[in-house]
Amino acid sequence: MLELRNCSHLVNSGKRIVPLVTHYRINAKVWHKTRLYSCTTSSSETQETPNSRSNNVLDELKQRGLVCQVSQPENDLRMRLNCNKKIKLYCGVDPTAQSLHLGNLVPLMVLLHFYVKGHDVVTVIGGATGKVGDPSGRKTERDFMKNDIRQNNVQSISEQLERFFQNGLKYYTDRHDKRGVEPYGKYTPRNNYNWWKDIKMLDFLADFGKHIRVQSMLARDSVSSRLESQNSLGFNEFTYQILQAYDFYHLYKEENVSIQVGGNDQWGNITAGIDLINRLQPTQKKGVPFGVTVPLLTTATGEKFGKSAGNAVFIDPSINTAYDVYQFFFNTLDADVSKFLKIFTFLSSNEINSVMEMHIKSPNIRHGQTLLAKEVTDMLYGVGSGTDSETLSNVIFGHYDGTLSAAKLKELCHKAKILQHADKKGNLVKLISKLGDCSISEAKRKLSQGSIYLHHSRIKVKEDVVEWGPYLIDDQVLILRMGKQKCFIIEMH
Ligand SMILES: Nc1ncnc2c1ncn2[C@@H]1O[C@H](COP(=O)(O)OP(=O)(O)OP(=O)(O)O)[C@@H](O)[C@H]1O
Ligand SMILES: N[C@@H](Cc1ccc(O)cc1)C(=O)O
């Protein structure tokens, strides 16, 4: 199991609830069947491919801790990869929230590794499966979701997936190869509603029903665990595995997809698909279908990090900004840094080892967390956003030499959604009361106690201020600190 600290300030059920005004460094303790596949098979999926694919991606992924289970015969898969053949793989996501979260990124990182090495990747958004509800890893039934909400989720997650592969490729290119034309794979987005909407129940039962064995369905963990517990299981949830199995069959048959990737909680659904394909054998030419699962990221209390547990860190920019995600990774526990560098970045093991050496010597400097935060932010939000977030973080946490212009500072704060506004005609006491959400007398008390600092040079101010000039950057921007934990950046109009 991998562990993510519970980062409650970035976590929510759809809205960004990062406090816009409270920024503090949290010290490390706070968060805590089988046919032999022939390499000479000549389906479209196995054309000759460029050299970049000759590395065995699977071995690299294993070294990175990105592989939990691989379906048998694993050696066939390894042979296929070693033969430098192009492979097509898919991962599905159900539209049960507005945004992807960091847990979803783990299987998507597997796809990204294959993609940048020239393999083709497909994502399936569960427009159909999302209506039914996957019981995998859940103790209880899902809440009902209205069609229009699900539809909006399909839309936003589709955009996020597209952006993930676009930004991921740019990030990879930026770090690895700037020579131009690259043998990258092809990215194909799919929505399973598009094939499920035309399937008639009678036809489905007649054509596929006998190939789906009830004993196997009952034996899958997602079903058996619920049947053993007090919590009952709806017929919709019971049948979910059939839908996902058919998706894999459909993609295998129609689009030459031969590997399904998912979190380890998806093992039952993925193997249901492999069983269905093997029973139906739509074509001998395509070779054995495979499943690869990734380990589940869990919280310190062992819960899967995701939507159901209510602890997801969402990556939609309208929910969490680049700066929020930077802060999340900057606050990674020391014990998790190396693991996350392997999972969430494309840094080589040499690069990771060398930063970890520095990190172990002086953990308080946070070399590892800084690199991790910068890399992941660049990968998710676009190359450059990691450095911007680091710059802003340095300003907020007091490592700022004053060289940044007010214009740049405003731009960074605006993007991070933390820029405050105030009237130059107002006084400091009123400003403290507004920003600190306290009474005027409490604001005066904070001032007289010496807990207010202005300007990047941290001038301690104990009296009210009406003349702002001496404290402003370029006569426009005020940095105000309240105690050691709160920093506000305010544009004074
Ligand atoms: N914490 C996690 N670690 C690794 N993989 C994860 C994690 N959370 C989700 N995934 C994987 O992401 C893919 C998409 O999952 P899905 O959209 O259903 O998200 P989810 O958070 O698991 O949702 P829910 O909690 O509603 O079941 C699946 O393969 C799933 O296993
Ligand atoms: N069942 C997956 C999502 C999914 C949907 C359709 C698929 O074909 C594959 C995966 C999940 O809940 O995480």
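Per chain, the residues get numbers from 1 upward, laid out in the order the sequence is written. Chain letters start at A and ligand numbers start at 1, both assigned in the order the entries are written. Whole-chain, interface and lining totals are the exception, using all residues; otherwise, since this is a predicted model, local features are given only for residues with pLDDT of at least 70 and side-chain atom pairs are given and counted only at 80 or more. Calculated side-chain values reflect all of the structure's heavy atoms, with hydrogen atoms and water omitted.

Caption draft 1: The arrangement of the overall build of the protein chain in detail. Here a strand is any run of E in DSSP of at least two residues, a helix any run of H or I of at least four, and the numbering for each starts at the N terminus. When helices and strands are counted, the protein chain shows 19 helices and 14 strands. Accessible surface computed for the protein chain: about 22000 Å², of which carbon and sulfur atoms make up 51%. Residue-level accessible areas treat just the shown protein chains as cover; the underlying method is Shrake-Rupley with a 1.4 Å probe.

Caption draft 2: Here's a closer look at the side chain of His101. Within the secondary structure, His101 is located in the loop between strand S3 (88–93) and helix H3 (102–116). A polar side-chain atom of His101 sits 3.0 Å from the main-chain amide nitrogen of Gly103. The term polar contact refers here to a pair of N or O atoms within 3.5 Å; inside protein, the definition further demands a hydrogen-donor-capable atom paired with an acceptor-capable atom, and it admits residues adjacent in sequence only when both atoms are side-chain atoms.

Caption draft 3: Quick look at the packing of helix H12 (residues 322–330) against helix H16 (residues 385–396). For the pair H12 and H16, interaxial distance at closest approach is 9 Å and the crossing angle is 75 degrees. As the angle between them shows, H12 and H16 are arranged roughly perpendicular. Counting all contacts with H12, which are made through Ala322, Tyr323, Tyr326 and Gln327, the residues of H16 involved are Ser385, Gly386, Ser389, Glu390, Leu392, Ser393 and Ile396. In the scheme used here, Gly and all other residues not listed as nonpolar or charged are polar, with Ala, Val, Leu, Ile, Met, Phe, Trp, Tyr, Cys and Pro taken as nonpolar and Asp, Glu, Lys and Arg as charged. Considered class by class, the residues forming the contact of H12 with H16 number 5 nonpolar, 5 polar and 1 charged. Think of each axis as a best-fit line through the C-alpha atoms, taken over the contacting stretch in the case of a helix, with angles from 0 to 180 degrees between the N-to-C directions. Here the angle decides the label: under 35 degrees means roughly parallel, over 145 means roughly antiparallel, 65 to 115 means roughly perpendicular, and every other value means oblique. What makes two residues a contact is simply this: any of their non-hydrogen atoms within 4.5 Å.

Caption draft 4: How the structure looks around the pattern of salt bridges. What counts as a salt bridge is simple: a side-chain nitrogen of Lys or Arg found within 4 Å of a carboxyl oxygen of Asp or Glu. This model, assessed by the stated rule, comprises 24 salt bridges. Notably, a salt bridge pairs Glu442 with Arg445, separated by 2.5 Å at the nearest N-O pair. In this pair, Glu442 and Arg445 are both assigned in helix H19 (residues 440–448), 3 residues apart and thus about one turn of the helix distant. For Glu442, a relative accessible area of 24% translates into the label partly exposed. Three exposure classes are used, based on accessible area relative to the maximum for each residue type with a 1.4 Å probe and protein chains only: buried under 20%, partly exposed in between, and exposed over 50%. On the basis of relative accessibility, which here comes to 38%, the residue Arg445 falls in the partly exposed class.

Caption draft 5: Structural detail: helix H14 (residues 349–361). Between the first and last residue of a helix there are one fewer steps than residues, each counted as 1.5 Å, and that sum is the expected span. With 13 residues, H14 ought to run about 18 Å at 1.5 Å a step, and its terminal C-alpha atoms sit 18 Å apart, in line with that. All of the buried residues in H14 are Ile352, Val355, Met356 and His359. Down the axis of H14, the buried set is contained in an arc of 105 degrees. They therefore lie on one face. Relative to its buried face, H14 has exposed residues pointing more than 90 degrees away, namely Asn350, Glu357 and Lys361. Think of it as the arc spanned by the lines of direction from the helix axis to the C-beta atoms.

Caption draft 6: A look at the nonpolar core. By convention a nonpolar core is built from buried Ala, Val, Leu, Ile, Met, Phe, Trp, Tyr and Cys residues, the set being connected through side-chain atoms within 4.5 Å. Phe329, Phe344 and Leu380 are the most contacted members of the largest nonpolar core, which totals 68 residues. Note: domain ranges come from an automatic or database domain assignment. Each of domain 1 (1–22 + 301–399) and domain 2 (23–297) contributes no fewer than three residues to this core. Apart from residues no more than four positions distant in its own chain, Phe329 is found in contact with Leu102, Phe340, Phe344, Gln369, Leu372, Ala373 and Val376. One finds Trp195, Ile242, Phe248 and Ile270 within the second-largest nonpolar core, a separate group that totals 27 residues.

Caption draft 7: Here's a closer look at the environment of Gly262. Structurally, Gly262 is set in strand S6 (residues 259–263). Under the relative-accessibility criterion, Gly262 is labelled buried at 3%. A sequence separation of 15 residues divides Gly262 from Ile277, and the C-alpha atoms of the two residues are 18 Å apart. Among all residues touching Gly262, those that are not within four sequence positions of it are Pro107, Ile270, Val292, Thr293 and Val294.

Caption draft 8: Molecular detail of the site of ligand 2. Whether a residue is near a molecule or strand depends on its heavy atoms: if one lies within 4 Å, it is near. Taken together, the residues surrounding ligand 2 are Tyr90, Gly92, Val93, Asp94, Thr129, Asp134, Asn192, Tyr240, Gln244, Asp247, Gln260 and Gln266. Asp134 has a polar side-chain atom sitting 2.8 Å from a nitrogen atom of ligand 2. Contact distances for ligand 2 include 2.7 Å between a nitrogen atom and a side-chain N or O atom of Gln244. Taken by itself ligand 2 offers 350 Å² of open surface, and the protein chains cover 88% of this. When residues of the shell around ligand 2 are traced back to their parent elements, those giving at least two are S3 and helix H10 (235–255). Its residues assigned to classes, the shell around ligand 2 shows 3 nonpolar, 6 polar and 3 charged.

Caption draft 9: Summary view of the domain arrangement of the protein chain. One can read the domain layout of the protein chain as domain 1 (1–22 + 301–399), domain 2 (23–297) and domain 3 (419–492). With 8 residues of domain 1 at the contact, the number on the domain 3 side is 9 residues. A simple way to read buried area is as the amount of 1.4 Å-probe accessible surface that goes missing from two parts once joined, with both sides added. Around 610 Å² of area is buried between domain 1 and domain 3 when both sides are counted, 60% of it from carbon and sulfur atoms. Where domain 1 packs against domain 3, one counts 2 residue pairs in polar contact (both at pLDDT 80 or more).

Caption draft 10: Representation of the layout of surface pockets. The definitions used throughout rest on a 1 Å grid laid over the protein atoms alone, on which a cavity is an enclosed set of points accommodating a 1.4 Å probe that cannot get out and a pocket is an open set flanked by protein within 12 Å on both sides along at least five of seven lines; lining residues are those having an atom within 4 Å of a point. Grid points are joined across faces, edges and corners, and a volume is the space filled by probe spheres set on the points. Its boundaries defined by the atoms lining it, the second largest pocket holds a volume of some 540 Å³. Lining the second largest pocket are 20 residues, and of these Trp196, Met201, Phe204, Thr239 and Leu243 sit closest to its centre. Of all the secondary-structure elements, those providing two or more residues to the lining of the second largest pocket are helix H4 (129–132), helix H6 (193–196), helix H7 (201–208), helix H8 (214–219) and H10. It is H10 that contributes the most residues to the lining of the second largest pocket, 5 residues altogether. Its residues placed into classes, the lining of the second largest pocket shows 15 nonpolar, 2 polar and 3 charged.

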